[in-house]
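Observations on the model geometry
This is what each chain is made of:
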Amino acid sequence: MKTLKVLFAVLLAVSVLAGCSLAPETVGVTEDSAQRAVTTYTETFANCTKTGTSYVSGSFVGVGGWTWNYVYAAWSGGDINGKTPVLAKGKSPAASVYTTVNNGVGTVSFKVKKPYSTAVSLLLKANGTTIATITHSSTTAATKGPFTVNRTGSVKLEIVQSSTSAGQASIDDITWTSYDGGTSSSSSVSSSVSSSVSSSSVAAGWVRETSTATSPNYPSAYGNNANVTTTFSKTGATKVRVYFSAFNTEANYDKVYLKTSSGSTVATYSGNKGAFLSAEVTGATMKVVFTSDSSVTAAGWKIDYVEYYVTGSSSSSSVSSSSSVSSSSSSVTPGSFQEDFSLSQAVRDYYRSAYGLSGSALKTKLQQIITAGYVTKSYSYLYTIYADADRTSDSKVWDIYSDRDGTGLNRPYTYSFGTGTCGTYSKEGDCYNREHMIPQSKFNEASPMVSDAHHVLPTDGKVNGMRSSYPHGAVSSATWTSQNGSKLGSGTSASGYTGTVFEPINAYKGDTARIYFYFCVRYYNNSAIQAWESMNTGAKLKTWAQTLYRQWASADPVSAKEIARNNGVYTHQKNRNPFVDYPVLCNMIDFTN
């Protein structure tokens, strides 16, 4: 039995380039602009009591009191350092271990080996976003990482064996650091980068110098067997990291490698990743290498900016493309709402006036932001919004009460836009209509609530009718179950409410929770909102509902579907759901007060 390791380190204060201060999400967890405590955790799996070579699923309480879940893991035959989970191959759902922590994640590393004959391939994910693809072909364990996450608040960490061609994987000693985003002071930076940038009298700290650098020819198609290297370097730097804003490769064919100056690979990415933070490279130079063996319509990458950590002296840097950057940050305190630089500039600017706030001031400001400029649409116009906000990849209506797995494609029946609307129904699949997640009877069908698309979704008429006006909750004993597994029945005593509730499938519990959170902020203290089973007058959640919905939001992170829906609704209503853009907000707002 191994002893769980919890290490504490207080970081030294560092200053940044004169006249330049980095916003919280761009500051690392080992150097920061303010003194603060960072905790290192290592999960050794020692607390898990499972044994045997059969692949099983379950959970246990590990380091820090956080619950670890394992899916298709065996607990014998692949030891690294004592108790070790071995993830199966070719399973559905994919074999994985995961937990959700509540004090942010800075960096992550872990040990891995192949227990049998086939090489290992794993995905490291944070809140559903792939941080890195990790491969290992030796039966000798090696430490992979650290990989930079830099996410505040509630973070779901996952290690997933999702490759059908890779073998079983032994993993152990998952080590991560806490992350609160740090602090920053009001300032702005504007610089221009061509073939080189020079600066003098550089103070110790992270310096951001490059933006909108792209791989050559991006976004034009590459031919077969492309091999393009772009080098980012700064004299005197000890660390380098890049922030991607666009990323497009053909999965399983094209790859982007992040490498040290000597050519050692620290991270490998493949597929269309969207915006994310790369791994961190030790040294003065990072190489970004793009390779392909198949032509695609648009391929390569785009980088918003590069950061170098310098120890203090005159220095110069060089990159391979021309770019400029203009950004700003506001004064914040630990635990306050902080800007996420992985989001687009437009989304970040939408919340600009709320950064640095916390508590009731944050709640009030968010309400002002999502109310200002709101365009009220008619009830019938909702069907027009759905065509932009609720479209599956095969252009059908995306119904959370019929889809079985979160993809929008695994469903017993389909609906096309412009047809199939209710009407009358007697069974599932007859027609679809408009489902008020907060029932319209609870606000007397008043505007703007009645047609606010952020909480009114397209769903099957029969399921909508069965849900009726019951609150969403955890069902202990189902009296009715839909074809996708959504349930109606009595609530669980553990959830704090035993009356009749409606429970969506796991893939849409987070979606449901974030819709409730939106409604409670958007219509906070609105006297038209009546008290009902899950909510008090004025759109204030009851304690049981707040607790349960936070659990749902943590267990089911924001999906690409929610992001697309948020953007689609914004196109028409001109307001956003903050809890989709910034999931951490659900732990910073009191929805009961």
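Everything discussed here concerns the structure shown above.
Just so we're clear, the structure is a prediction, and the values are computed from it rather than from any experiment.

All right, on to the overall build of the chain then. In terms of helices and strands, the chain carries 8 helices and 32 strands. Expressed as a percentage of the 593 residues in the chain, the buried residues total 55%. When the accessible surface of the chain is summed, it comes to about 22,200 Å², and 47% of that surface belongs to carbon and sulfur atoms.

Burial along strand 17 (residues 227-234) is one-sided: Val-228, Thr-230, Phe-232 and Lys-234 are buried, and none of Asn-227, Thr-229, Thr-231 and Ser-233, which face the opposite way, are. Pairing analysis gives 7 bridges linking strand 17 to strand 22 (residues 285-291), with the strands arranged antiparallel. Paired with Thr-231 across the bridge in strand 22 is Lys-287.

Looking now at the side chain of Ser-482. Looking at the element boundaries, Ser-482 is found in the loop between strand 28 (475-481) and strand 29 (487-491). For Ser-482, a relative accessible area of 6% corresponds to the buried category. Apart from the residues lying within four places of it in its own chain, the contact partners of Ser-482 are Tyr-401, Glu-428 and Val-463.

Time to look at the packing of helix 5 (residues 509-522) against helix 6 (residues 543-555). As a packed pair, helix 5 and helix 6 sit with axes 7 Å apart at the nearest point and diverge in direction by 130 degrees. Classed by the angle they form, the pair helix 5 and helix 6 counts as oblique. Read as a crossing pair, helix 5 and helix 6 show a hand that is left-handed. Contact with helix 5, carried on its side by Lys-509, Gly-510, Thr-512, Ala-513, Arg-514, Tyr-516 and Phe-517, involves Tyr-549, Arg-550, Trp-552 and Ala-553 of helix 6 and no other residues of that element.

With that settled, consider the pattern of salt bridges. Where side chains of opposite charge bring their charged atoms close, a pairing between them can arise. This model, assessed by the stated rule, comprises 13 salt bridges. Across the pair Asp-390 and Arg-565 runs a salt bridge whose closest N-O atoms are separated by 2.6 Å. Note that Asp-390 is positioned in the loop between helix 3 (382-389) and strand 26 (432-436) and Arg-565 in helix 7 (residues 560-573), a separation of 175 residues in sequence. Residue classification places Asp-390 among the buried residues on the basis of a relative accessible area of 1%. Note on Arg-565: relative accessible area 7%, which makes it buried.

On to the sheet that holds strand 29. The strand order across the open sheet built from 3 strands is 28-29-30, with neighbouring strands paired in antiparallel fashion. Strands at the two margins of the open sheet, each flanked by one partner only, are strand 28 and strand 30 (500-503). Averaged over all neighbouring strand pairs, the angle between strand axes comes to 40 degrees, with direction disregarded.

Here we come to the packing of aromatic side chains. One pass over the structure, following the stated rule, counts 29 aromatic pairs. When the ring of Tyr-355 is compared with that of Tyr-582, the centres are 6.1 Å apart and the planes differ by 65 degrees; the resulting orientation is edge-to-face. One end of the pair, Tyr-355, is in the loop between helix 1 (345-350) and helix 2 (359-371); the other, Tyr-582, is in the segment after helix 8 (578-581), with 227 residues separating them in the sequence. Ring geometry for Tyr-415 against Tyr-432: centres 5.3 Å apart, planes inclined by 40 degrees, an arrangement best described as tilted. On the criterion of sequence distance, the pair formed by Tyr-415 in the loop between helix 3 and strand 26 and Tyr-432 in strand 26 is long-range, its members being 17 residues apart. The pair Tyr-415 / Tyr-432 is uniform in exposure class, with both members buried. An aromatic cluster of at least three residues, connected via ring pairs, comprises Tyr-41, Phe-45, Phe-60, Trp-68, Tyr-70, Trp-75 and Trp-176. Lying across the ring of Tyr-72, Lys-91 places its NZ or CZ 5.2 Å from the centre. In this arrangement the basic side chain of Arg-576 is found over the ring face of Tyr-570, its NZ or CZ atom lying 5.4 Å from the centre.

Their axes nearest at 8 Å, the elements helix 2 and helix 5 cross at an angle of 95 degrees. In terms of orientation, helix 2 lies roughly perpendicular with respect to helix 5. Residue-level contacts link Lys-363, Leu-366, Gln-367, Ile-370 and Thr-371 of helix 2 to Tyr-518, Val-521 and Arg-522 of helix 5. Of the residues belonging to the contact of helix 2 with helix 5, the class tally is 4 nonpolar, 2 polar and 2 charged.

The amide bond that connects Ser-92 to the next residue, Pro-93, takes the cis arrangement and shows omega of 0 degrees. Within the fold, Pro-93 resides in the loop between strand 5 (86-87) and strand 6 (95-101). Between Ser-447 and Pro-448 the backbone carries a cis peptide bond, its omega angle lying at 5 degrees. Mapped onto the elements, Pro-448 comes out in the loop between strand 26 and strand 27 (456-460). Positive phi, close to 55 degrees, is recorded for Glu-445, a residue that is not glycine.

A few words now on helix 6. Taking 1.5 Å of rise per residue, 13 residues should cover 18 Å, and helix 6 covers 19 Å from first to last C-alpha, within 8% of that figure. Summarising the contacts, the buried residues of helix 6 are in contact with strand 6, strand 11 (155-161), helix 5 and strand 32 (540-541).

With that out of the way, let us pick up empty space enclosed by the protein. Per the stated rule, a full pass over the model turns up 7 cavities of 30 Å³ or more. When its volume is computed, the largest cavity comes out at roughly 130 Å³. If you go around the largest cavity, the residues you meet are His-454, Leu-457, Asp-511, Arg-514, Ile-515, Lys-561, Glu-562, Arg-565, Asn-566, Val-569, Asn-577 and Val-580. Residue assignment for the lining of the largest cavity shows that the elements contributing at least two residues are helix 5 and helix 7. Broken down by element, the residue count for the lining of the largest cavity peaks at 5 residues, all from helix 7.

Criteria and thresholds
- Residues numbered from 1 in each chain as written.
- Predicted model: local features only at pLDDT ≥ 70, side-chain atom pairs only at ≥ 80, totals over all residues.
- Heavy atoms only, no water.
- Helix = DSSP H or I, 4+ residues; strand = E, 2+ residues; numbered from the N terminus.
- Buried < 20%, exposed > 50% of the residue type's maximum accessible area, 1.4 Å probe, protein only.
- Areas by Shrake-Rupley, 256 points an atom, 1.4 Å probe, with all protein chains shown as cover.
- Pairing = 2+ DSSP bridges.
- Contact = heavy atoms within 4.5 Å.
- Axes fitted to C-alpha atoms, helices over the stretch in contact; angles between N-to-C directions.
- Parallel < 35°, antiparallel > 145°, perpendicular 65-115°, else oblique.
- Left-handed = near helix turned anticlockwise from the far one by under 90°.
- Salt bridge = Lys/Arg side-chain N within 4 Å of Asp/Glu carboxyl O.
- Phe/Tyr/Trp six-rings, centres within 6.5 Å; stacked < 30°, edge-to-face > 60°.
- Lys NZ or Arg CZ within 6 Å of the ring centre and 35° of its normal.
- Nonpolar A, V, L, I, M, F, W, Y, C, P; charged D, E, K, R; others polar.
- Expected span 1.5 Å × (residues − 1).
- 1 Å grid on protein atoms, 1.4 Å probe; cavity = no way out; pocket = protein on both sides within 12 Å on 5 of 7 lines; lining within 4 Å.
- Points joined across faces, edges and corners; volume = space filled by probe spheres on them.

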